[in-house]
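# Reading the structure
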Amino acid sequence: MHTIGRFAPSPSGRMHLGNVLCALLAWLSARRQNGRYLLRIEDLDAMRCPRRYADLILDDLRWLGLDWDGEVPYQSERAAVYETYEAVLRGKGLLYPCFCSRAALHAASAPHLSDGRVVYAGTCRGLTAEQAAEKRKTRAPATRVRVPDETVSFTDGVFGAYSENLARECGDFIIRRSDGVFAYQLAVVVDDALSGVTEVVRGADLLSSTPRQIWLHRLFGFSPPAFFHIPLLCDHDGRRLSKRDEDLDLGRLRQRFSPEQVVGALAYAAGLTERPEPAAAHELIPLFSWARIPRHDLFLPDLFR
């Protein structure tokens, strides 16, 4: 099967080194297999994702030497596509309105998992049409999908076997927010499937969302892609990088380093090379192997101190 990988950043800020590492490993994996590498902009919430940040992502990838194949779709322009698949779920009787606020969910006595996730208690699952209509008078609802008492298992390309019971460890989840914006869980499944993606590379913080996405893939009649969740990149104090770390975003780093220095340092952090020496992205293709990627968090090389 022809490999189709992808990088799907959310342009809510400038890319940081953790984002770049994900883009690099996804690119190397696809190119090592002579496959295609797609770029998708996940700007579902257009208010939080100005187009200028998307433009900067494209420019940063070109600077790094990470080319892509085909046109670049923007999720903010694909609501009609997502509505088609929302209708599929509605036709199966799996959707219902949810009037719970975020604050109420976190204050509730519903199960809280070790990673802080709240398992939805099904508060609005049994509302009658009359009760829902009454609540709509004061609050616009989100839309949740009912999940079965089913365990979804898969083998991650980095972390190995992973299982999750949808009812006990996930709960009914939101597929459309109360403001009408489609949720990541639905959009990512539809876009990966329709673009033919066979390999998803992303951060380990998204590992727990994979079972519900696999469930949606199967529900829609799609074949789920292979998943590779990479360790998260941490600063020298062990703090995971975020877009709030402006000193480590590409805007600042491009003023101090060459693309080869950035790529070579990240390849070393990921275990692909023995020394943090400058390297062009294409020079790393023969060296790439998922077997080299560790399961523990990664740390920034001294170059970025």
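Scroll up for the structure.
Residues numbered from 1 in each chain as written. Predicted model: local features only at pLDDT ≥ 70, side-chain atom pairs only at ≥ 80, totals over all residues. Heavy atoms only, no water.

Inspection of the secondary structure puts aspartate 172 in the loop between α6 (166–169) and β7 (173–176). With relative accessibility at 5%, the residue aspartate 172 sits in the buried group. A distance of 2.9 Å separates a polar side-chain atom of aspartate 172 from the backbone nitrogen of valine 147. (Helix = DSSP H or I, 4+ residues; strand = E, 2+ residues; numbered from the N terminus. Buried < 20%, exposed > 50% of the residue type's maximum accessible area, 1.4 Å probe, protein only. Polar contact = N/O pair within 3.5 Å; in protein donor to acceptor, adjacent residues only side chain to side chain.)

Here we come to the packing of aromatic side chains. Throughout the structure, instances matching the rule amount to 10 aromatic pairs. A centroid spacing of 5.8 Å and a plane angle of 55° characterise the contact between phenylalanine 154 and tyrosine 162, whose relative ring orientation is tilted. Aromatic rings pair up to connect Tyr85, Phe220 and Phe222 into one cluster. The ring of tyrosine 120 is capped by arginine 144, whose NZ or CZ atom sits 3.6 Å from the centre of that ring. The residue whose ring lies beneath arginine 212 is phenylalanine 173, and the NZ or CZ to ring-centre distance is 5.8 Å. (Phe/Tyr/Trp six-rings, centres within 6.5 Å; stacked < 30°, edge-to-face > 60°. Lys NZ or Arg CZ within 6 Å of the ring centre and 35° of its normal.)

Attention now goes to the packing of helix α3 (residues 79–91) against helix α7 (residues 184–194). Running from amino to carboxyl end, α3 crosses α7 at an angle of 110°, the nearest separation of the two axes being 10 Å. On the basis of the axis angle, α3 is roughly perpendicular to α7. Contacts between α3 and α7 pair Val81, Tyr82, Tyr85 and Leu89 from the former with Leu186, Ala187, Val190, Asp191 and Leu194 from the latter. (Axes fitted to C-alpha atoms, helices over the stretch in contact; angles between N-to-C directions. Parallel < 35°, antiparallel > 145°, perpendicular 65-115°, else oblique. Contact = heavy atoms within 4.5 Å.)

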